[in-house]
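# Coordinates in review
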Amino acid sequence: MSSPAESALGWWGVLLAILAGTMRGGTPFLFVSLGECLTEKSGKINLGLEGTLLMGAMSAYAISYLTGSPWLGVLVAGISGLALGAIHGWLSQQPRVNDVAVGIAMIIFGSGLAFFFGKPFIKPTAPQLPTIDLAGWSQNPAVEAALKISPLFILGALLAPFLHWFFSSTRWGLYIRAVGDSPAAARAMGISPFKVRMLSVMAGSFLAGIGGASLSLYYPGVWTERISSGQGLMAVALVIFARWNPLQCLLASLLFGGAQALGPALQSVGIKEGYYLFNAAPYILTLVIMILTCSPQRTLTGAPGALGQEDA
Amino acid sequence: MTTTTAAPTATAVRRPPELEVKGMTKRFGSLVALDQVSLHLKPGTFHALLGENGAGKSTLVKCIMGFYSPDHGEIEIDGTPCTIASPRDAHHHGIGMVYQHFTSVPAMTVAENLVLSRFDGSQFLINWAKERERLDDFMQSSPFQVPLDVPIAQLAAGQKQKLEILKQLYLESKILILDEPTSVLTPDEADEILSLLQQQVKAGDLSVLIITHKFREVTQFAEEVTVLRKGQLVGHGLVQDLSVADMAEMMMGERRELKVVDKVTQEDVTPVLEVHDLSANKDNGLVAVNNVSLTVNSGEIVGIAGVSGNGQKELVEVLAGQRPSTSGQIKINGERYLATRKEMFKHRVFSLPEEPLKNACIPQMSVAENMALRTFDQPPQAKGIWLILNAIRQAAKGLVQQFSVKTPSIETPVHNLSGGNVQRTVLARELSSEKINLLIAANPCFGLDFAAVEFIHAQIVEARNRGVAVLLVSEDLDELLELSDRIIVISSGQFLYESPIASADFSAISHAMAGH
């Protein structure tokens, strides 16, 4: 995304580009990580969010193109997430079924569905989501481009503190935490782990679908088969990094978004060497986080007690 | 923890209802857990349900609580028959249960757990200001207190148990069912809690049904007792009319003299196990064992007493090689011991860990293979790199007979066996070697019936008489007082009391278990 105006700004341009990239690239991370956080708080791991992301992106783009309304596209993306989440939620709670195996299957299923139904929508352009321009004061087109914020980002940024409050001050939030930490205790209190987990997985998937919509209707704003940079999978690492705290998910998503923007930002000032290395920044960050947070000595504080367990 | 007697509350106190169970039958596949069992809990009484492990007591109360649905039988509350299909229904009728394994969510605080346990599903939002007020009022008027803002995972076992009882009182249960509530409490705490509940029962606010196998609790606190054996009702009566011997006879089906195992005085006493300043951490990085030192000599049983969760599990894991120590040394026969297989074989160290199916067996492997785990790499069961399966099978057949292991065949996977027989399998493997120097046993009789317990105790004392050094870690104080030559109390990872059994002071031991 380099332009003469941007290169003219020099290193300020890099900072601006990273700032813009943080918000743009962070939006899908934000929705997928909040969705995965919600799911994992109830004790289930949903690796299939990568497939849900793609399905969300495709359906948002398709509906936006067919009906002319991008917001309807966002809604349908969420609904497609609900449907995929229902499959994952039901399947992964059957006896002796492993979360990770179902998740991988759902990645293949979701992305397959998305690519199959999405073929006719690769060429045409669909109406994009409106953006809010904060840079009216600036003449510089680069600055203007950088400070165009999507309402989806604002929605996500408000969702993080809402989820945090939800987990501590609502009955449903306590139910989800109870089921995720100790399903035996939850059952003893009359809570049904199956129902709670089913709804959590579906809600988390709904959010991931919206994350996918932000990819095709905001940034990069197209539909191709290569639109995802693995945000769905990285979200799992992100949630661990954020210690299952929605507010920290917000910060971590911005970090990952910024890491993703590093390559193009540096390119805009003409640094072409090491292009692939900089583009690998988010993945290297994921690896580093996983290595730093695993330990044979300690269990991770904040991890829901029943996460990944097959019994109950 | 201050204790206050219950002050009269502003709301009207309902009398506890009358509970009658008639002809309850429950089958699990071919196993008949309950067979036409009836129970009558009169309002305002303290009723004990007695029976050894496997008698059906837990099954009966789980049917009352709605966890299981019985195959036959009726429950009547205040004379009207009703169906209890889930714990919610039970609560609706005022019945609450305190479980043996804690049913609080570890990551949430006491306040959150108490609020969560109320069933009014209408509310979406939790008004924390109002809830705190309600909780504070409740704590003021309850018999014992627990701090409200501490996560459950950080509470001691005694506090967790008190919280479980408080939860039921908070839910205004009028019939309280307690499933072995004192197994994780020190003797002092157990007495404190039971007498406070007894006061509430005498005041007519509560009915209590307590499941226990301790006669002392029955005679001291209960008014009526119902005895189950192998799923059937075998006895019932008022406690004042029955002696301990009568109750024991009903429980076990025959008048038994408790066999006292004779201990032989030892001649040569040499130190076998020496632990110097050992420390170890728990899984979450906190200190579990804090600079402990002890010596176990040949031909003696050293007992370590303590409430669960005070570091004994981690200590045994370090000695067995399952956990790294953070500092300190272990010496066996004067040589440094790092719990490698070679050292175990050289120094003849054997162990009976707790939860044998998890810690001493490979569940999917057969009985024969499990029995061979100590010897499969030595002749005659191995020749070079080959296993001599015939030798393994023969050895297993002999051990099964010698130790009376009930198993369909030696090829059965060991997880198919009952708890007692898994323990006998492990015992057979560990105690059948000709020369044993050191035996480390942890809660060897947990969850077993009297016959198995007697057998294991006899085996341990016999080993001691042969000159084996035995370290016995147990949460059952009675077992330790019966078997040990020396007794040590562990609390918060430290040894707080040590004494030969002849001069052991019971009250000092209780105080040490509570951490004083």
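Worth saying up front: this structure is predicted, and the values here are computed from it rather than measured. (Residues numbered from 1 in each chain as written. Chains lettered and ligands numbered in written order. Predicted model: local features only at pLDDT ≥ 70, side-chain atom pairs only at ≥ 80, totals over all residues. Heavy atoms only, no water.)

## A short note on the interface of chain B and chain A
In many reports, interface size means the accessible area that the parts give up when they come together. Every contact between the two is made by 28 residues of chain B and, on the other side, 22 residues of chain A. Three residues, B:Leu116, B:Phe124 and B:Ile126, lead the burial of chain B against chain A; their summed loss comes to 26% of the area buried on that side. Here B:Glu112 and A:Arg177 are joined by a salt bridge, their closest N and O atoms 3.1 Å apart. At the boundary of chain B with chain A, the tally comes to four residue pairs in polar contact (both at pLDDT 80 or more). Counting only elements with at least two residues in the side of chain B that touches chain A, the list comes to α2 (87-92) and α3 (110-117) of chain B. Class assignment for the residues of the side of chain B that touches chain A results in 14 nonpolar, seven polar and seven charged. (Contact = heavy atoms within 4.5 Å. Buried area = accessible area lost by both parts, 1.4 Å probe. Salt bridge = Lys/Arg side-chain N within 4 Å of Asp/Glu carboxyl O. Polar contact = N/O pair within 3.5 Å; in protein donor to acceptor, adjacent residues only side chain to side chain. Helix = DSSP H or I, 4+ residues; strand = E, 2+ residues; numbered from the N terminus. Nonpolar A, V, L, I, M, F, W, Y, C, P; charged D, E, K, R; others polar.)

## Points about the packing of helix α12 (residues 246-268) of chain A against helix α14 (residues 281-293) of chain A
Residue and element names in this part refer to chain A. For the pair α12 and α14, the least separation of the axes is 7 Å and the interaxial angle reads 140°. On the basis of their axis angle, the class for α12 and α14 is oblique. Packed against α12, whose contacting residues are Leu255, Phe256, Ala259, Gln260 and Leu262, the element α14 presents Ala281, Pro282, Leu285, Thr286 and Ile289 at the interface. Per-class residue counts for the contact of α12 with α14 are eight nonpolar, two polar and no charged. (Axes fitted to C-alpha atoms, helices over the stretch in contact; angles between N-to-C directions. Parallel < 35°, antiparallel > 145°, perpendicular 65-115°, else oblique.)

## Structural notes on the domain arrangement of chain B
Residue and element names in this part refer to chain B. Along its sequence, chain B is carved into domain 1 (27-107 + 156-252), domain 2 (259-348 + 439-448 + 469-516) and domain 3 (355-432). Here domain 1 and domain 2 have C-alpha centroids that lie 33 Å from each other. Counting from both sides, the interface comprises seven residues of domain 1 and, opposite them, ten residues of domain 2. Taken over both partners, the interface formed by domain 1 and domain 2 buries close to 710 Å², and the fraction arising from carbon and sulfur atoms is 64%. When the area that domain 1 buries against domain 2 is broken down by residue, the three leading residues are Asn53, Thr186 and Pro187, summing to 53%. In this structure, the connection of domain 1 to domain 2 is made through zero salt bridges. Looking at the side of domain 1 that touches domain 2, its residues break down into four nonpolar, two polar and one charged. (Domains from an automatic or database assignment.)

## Thoughts on the sheet that holds strand β10 (residues 232-238) of chain B
Residue and element names in this part refer to chain B. With mixed pairing, the six strands of this open sheet are ordered in space as β6-β7-β8-β3-β9-β10. The strands lining the two open edges of the sheet, one partner per strand, are β6 (95-98) and β10. If you compare each strand with its neighbour and ignore which way they point, the axes differ by 20° on average. Where strand β9 (residues 224-229) and β10 come together, six bridges link them in antiparallel fashion. Among the inter-strand pairings, Val227 is bridged to a residue of β10, identified as Gly235. Most of the contacts of helix α5 (residues 157-170) go to β6, to which it runs at about 175°, and overall it touches β6 and β7 (175-179). (Pairing = 2+ DSSP bridges.)

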